[in-house]
Amino acid sequence: MKKPLLAAAAVLACFAGAAQAQSASYAIDPGHTFVTFEVLHFGTSTARGRFDKKEGTVQFDRAGKTGKVEISIDTASINTGVAAFDNHLRNADFFNAAMFPTAKFVSDKFVFSGDKVSEVSGTLTLLDKSQPVTLKAVNFNCYENPRLKREVCGGDFETTLQRSQFGMNYGLPSIPDSVRLTVQIEAVKQ
């Protein structure tokens, strides 16, 4: 009776080890990752911009349906295509990039729909204020990159946040509080 019990325990231990081995590390590919925003400009046209410098890592376990992500964004790398507007966004009225050079999103809560990530909830820290943020997946996929010969996972994630929650109050209410944030991300398995 002890031998079958020990054999069963050994098999379970192997499956548990295999399940833990499914978790993998991924590095964010900055060339295929974009953090962009949209906000109404005094209620007329939509102002859009992006952050050109970002980095981060992802831990992903599709079988265990878990994950972790950490993305750092260089706030001085803001780029709207208009130098004067970029400079205004960098100053104390908005991102105060000299005092707060980094925005950070950290999450350890992934929600799955089947094998695909459907949302990622975490904390966004901006201007030294941290708020909960949930990024909803518009799409998500993993594939074997033919050039890198490694798995790449990514998708498009979006949310709407209130900039005033981070102390960014300039121009309220003429410039609306709601900001649409989109994170297009690809991460390469390490």
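Above this note sits the structure.
Just so it is clear, the model here is predicted, and its values are computed rather than measured.

What counts as what
Residue numbers run consecutively from 1 along every chain, following the written order of its sequence. In keeping with the predicted nature of the model, local features appear solely for residues at pLDDT of at least 70, side-chain atom pairs appear and are counted solely at 80 or more, and the whole-chain, interface and lining totals rest on all residues. With hydrogens and water excluded, all non-hydrogen atoms of the structure serve as input to the side-chain values. The term nonpolar core refers to a set of buried residues drawn from Ala, Val, Leu, Ile, Met, Phe, Trp, Tyr and Cys, joined through side-chain atoms within 4.5 Å. We call a residue buried when its accessible area falls under 20% of the maximum for its residue type, exposed when it is over 50%, and partly exposed in between, using a 1.4 Å probe and counting protein chains only. By definition, any uninterrupted DSSP run of H or I lasting at least four residues is a helix, any uninterrupted run of E lasting at least two residues is a strand, and each is numbered from the N terminus. Pairing of aromatic side chains requires ring centres within 6.5 Å, counting the rings of Phe and Tyr and the six-membered ring of Trp. Pairs whose planes differ by under 30 degrees are stacked, by over 60 edge-to-face, and all others tilted. A side-chain nitrogen of Lys or Arg and a carboxyl oxygen of Asp or Glu constitute a salt bridge if their distance falls within 4 Å. In this analysis, the protein atoms alone were mapped onto a 1 Å grid. Cavities are point sets where a 1.4 Å probe fits without being able to get out; pockets are open sets with protein on both sides within 12 Å along at least five of seven lines; lining residues have an atom within 4 Å of a point. Grid points are joined across faces, edges and corners, and a volume is the space filled by probe spheres set on the points. Each residue gets one of three labels, nonpolar for Ala, Val, Leu, Ile, Met, Phe, Trp, Tyr, Cys and Pro, charged for Asp, Glu, Lys and Arg, and polar for the others, Gly among them. When two cysteine sulfur atoms lie within 2.5 Å, the pair is treated as a disulfide.

Draft legend 1. Structural detail: the nonpolar core. Grouped together as the largest cluster of nonpolar side chains are 41 residues, with contacts concentrated most on V58, F60, F95, F110 and V117. Take this core: its biggest share by element is five residues, from strand 11 (residues 178-189).

Draft legend 2. Summary view of the packing of aromatic side chains. Throughout the structure, instances matching the rule amount to six aromatic pairs. Between F60 and F112, the ring centres sit 5.9 Å apart and the planes meet at 10°, which makes this aromatic pair stacked. In this pair, F60 is assigned in strand 4 (residues 54-61) and F112 in strand 7 (residues 102-113), connecting sequence segments 52 residues apart. Take F60 and F112: they sit in the same class, and that class is buried. Taken together, the aromatic side chains of Y26, F60, F112 and F140 make up a single cluster linked through ring pairs.

Draft legend 3. Quick look at the pattern of salt bridges. Enumeration according to the criterion identifies eight salt bridges in this entry. Of the charged contacts, one joins E38 and R180 as a salt bridge, the two residues approaching to 3.4 Å between their closest N and O atoms. Placement of E38 in strand 2 (residues 34-41) and of R180 in strand 11 is noted, with a sequence separation of 142 residues between them. Judged by relative accessible area, which is 23%, E38 ranks as partly exposed.

Draft legend 4. Spotlight on the environment of K116. Mapped onto the elements, K116 comes out in strand 8 (residues 116-126). Considered as a pair, K116 and N141 are 25 residues apart in the sequence and their alpha carbons are 6.8 Å apart.

Draft legend 5. Geometry of empty space enclosed by the protein. Within the structure shown, the criterion is met by one cavity of 30 Å³ or more. Volume-wise, the largest cavity comes out at about 220 Å³. Around the largest cavity, the lining is made up of 18 residues, and of these V58, V69, F110, F157 and I185 lie nearest the centre.

Draft legend 6. A look at the layout of surface pockets. Of the voids in this model, the largest pocket is the one considered here, and its volume is about 510 Å³. What lines the largest pocket is a set of 29 residues, and nearest its centre among them are F37, F51, F95, M168 and V179. It is strand 2 that provides the largest number of residues to the lining of the largest pocket, a total of five residues. Residue composition of the lining of the largest pocket, by class: 26 nonpolar, two polar and one charged.

Draft legend 7. Region of the structure containing the state of the cysteines. Under the criterion given, the structure shown has one disulfide. With a sulfur-sulfur separation of 2.0 Å, C142 is cross-linked through a disulfide to C153. Taking the torsion about the S-S bond as the criterion, the C142 to C153 disulfide, at about 110°, is right-handed. Taken together, the residues span a long stretch of sequence, with C142 in strand 9 (residues 129-145) and C153 in strand 10 (residues 150-162) at a distance of 11 residues. Among the residues examined, C153 registers a relative accessible area of 7% and is labelled buried.

What is shown is where atoms sit, not what they do.
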